[in-house]
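Structural description and commentary
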Amino acid sequence: MADKAELRAIPSVANALGSIGVLEDSALVPFTIHRVYFIYDVPEGSERGSHAHKKLEQFIVAASGSFTVELDSGTTKESFVLDSPSVGLYVPPGMWRDLKDFSPNSVCLVLASTKYDEADYLRNYDEFLSWVGQNS
Ligand code: TYD
C-alpha cells in the first residue's frame, strides 16, 4: 500500500489509430484489483462521495471528461483535477472524499482493492474524525 494520495501517469500505447491506456496490478496500481466501477450520467452541479473508507484503496481515472476530487485526511486537504485518461489518482484508505465539477458526459472510472462492502464506509464526518484519531 502507498501511504499518500498522488497523481500517477498511466502508460499508453499510441499510434496513428489512437491510444490504449493500460492499468494492471503493479507499482502504478499498488493493489490487487478486485472491482472496477464507473460513475457516469452525473447531472450538472451534482456532488458525489462524502465518505471515507477504512481499508479500501482506489485508483481513479477520468476515462472521459473531467471532475475534481477533494481529499481530506482529517488533518490536511488536497484537491485534484482529473481531466485526462493518461493520469490517475491513487487514494489510500482513510481519506474523506468529495467529487464535484463533473463535466457533461464525464466518466469516472474507479479500480478498487476490494469488492463492495458497506461496512468499510465511514459516511459521517464526525465518525470519520474519531476513526482517524483511533487509527493514526
Ligand atoms: P457510493 O459509494 O456512496 O457512491 P459515490 O461515492 O459515488 O457517491 O455508492 C452509491 C450507492 O451505490 C450506494 O447505495 C452503494 C452502491 N454501490 C454498490 O452497490 N456497489 C459499488 O461497487 C458501489 C461503488 C456503490
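Residues numbered from 1 in each chain as written. Predicted model: local features only at pLDDT ≥ 70, side-chain atom pairs only at ≥ 80, totals over all residues. Heavy atoms only, no water.

Assigned secondary structure in the protein chain consists of one helix and twelve strands. The linear arrangement of helices and strands in the protein chain, starting from the amino end, is β-β-β-β-β-β-β-β-β-β-β-β-α. Along the first, second and third principal axes, the C-alpha set of the protein chain runs to 55 × 35 × 25 Å. Residue pairs in contact within the protein chain that sit at least 24 positions apart in sequence constitute 75% of those at least 6 positions apart. Accessible surface for the protein chain amounts to roughly 7800 Å². Of this, 52% is attributable to carbon and sulfur atoms. Positive and negative side-chain charges of the protein chain, numbering 11 and 19 respectively, have mean locations separated by a distance of 5 Å. (Helix = DSSP H or I, 4+ residues; strand = E, 2+ residues; numbered from the N terminus. Contact = heavy atoms within 4.5 Å. Areas by Shrake-Rupley, 256 points an atom, 1.4 Å probe, with all protein chains shown as cover. Lys, Arg positive; Asp, Glu negative; His and termini not counted. Charge placed at Lys NZ, Arg CZ, Asp CG, Glu CD.)

Another point: the side chain of Asp-120. Positionally, Asp-120 belongs in the loop between β11 (107-112) and β12 (121-122). Buried and unpaired, Asp-120 has Lys-55 as its nearest opposite-charge partner, separated by 6.1 Å. Residues contacting Asp-120, with those up to four places away along its chain left out, are Ala-52, His-53, Lys-54, Lys-55 and Leu-56. (Buried < 20%, exposed > 50% of the residue type's maximum accessible area, 1.4 Å probe, protein only. Salt bridge = Lys/Arg side-chain N within 4 Å of Asp/Glu carboxyl O.)

With that settled, consider the nonpolar core. Counting residues in each nonpolar core, the largest one holds 17 residues, and the members touching the most others are Ile-60, Phe-67, Val-69, Leu-71, Leu-82, Leu-89 and Cys-108. When residues of this core are traced back to their parent elements, those giving at least two are β6 (58-64), β7 (67-72), β8 (77-82), β9 (87-91) and β11. For this core, the element with the highest residue contribution is β7, accounting for three residues. Sequence-distant contacts of Val-69, defined by excluding residues within four places in its chain, comprise Glu-78, Ser-79, Phe-80, Leu-82, Leu-89, Asp-98 and Leu-99. Judged by nonpolar contacts, the second largest core, of nine residues, contains Val-29, Phe-31, Val-61 and Leu-111. (Core = buried A, V, L, I, M, F, W, Y, C linked by side-chain atoms within 4.5 Å.)

Moving on, we get to the pattern of salt bridges. Counted under the stated rule, the structure contains four salt bridges. The shortest N-O distance in the salt bridge between Lys-100 and Glu-70 comes to 3.4 Å. Highlighted residues: Lys-100 in strand β10 (residues 96-100) and Glu-70 in strand β7, separated in sequence by 30 residues. A relative accessible area of 19% places Lys-100 in the buried class. For Glu-70, a relative accessible area of 27% puts it in the partly exposed group. Of the charged contacts in the structure, one is a salt bridge between Arg-123 and Glu-118, with a shortest N-O distance of 2.7 Å. Arg-123 gets classed as partly exposed once you look at its relative accessible area, which sits at 45%. Taken together, the shared-partner salt bridges connect Lys-4, Glu-6 and Arg-8 into one network.

Turning to the site of the ligand, a few remarks are in order. Arg-35, Tyr-37, Ile-39, Arg-48, Gly-49, His-51, Tyr-116, Tyr-121 and Arg-123 make up every residue found near the ligand. At a separation of 3.1 Å, an oxygen atom of the ligand approaches a polar backbone atom of Gly-49. Tyr-121 has a polar side-chain atom sitting 2.6 Å from an oxygen atom of the ligand. When isolated, the ligand has an accessible area of 530 Å², and the protein chains bury 62% of it. (Near = heavy atom within 4 Å. Polar contact = N/O pair within 3.5 Å; in protein donor to acceptor, adjacent residues only side chain to side chain.)

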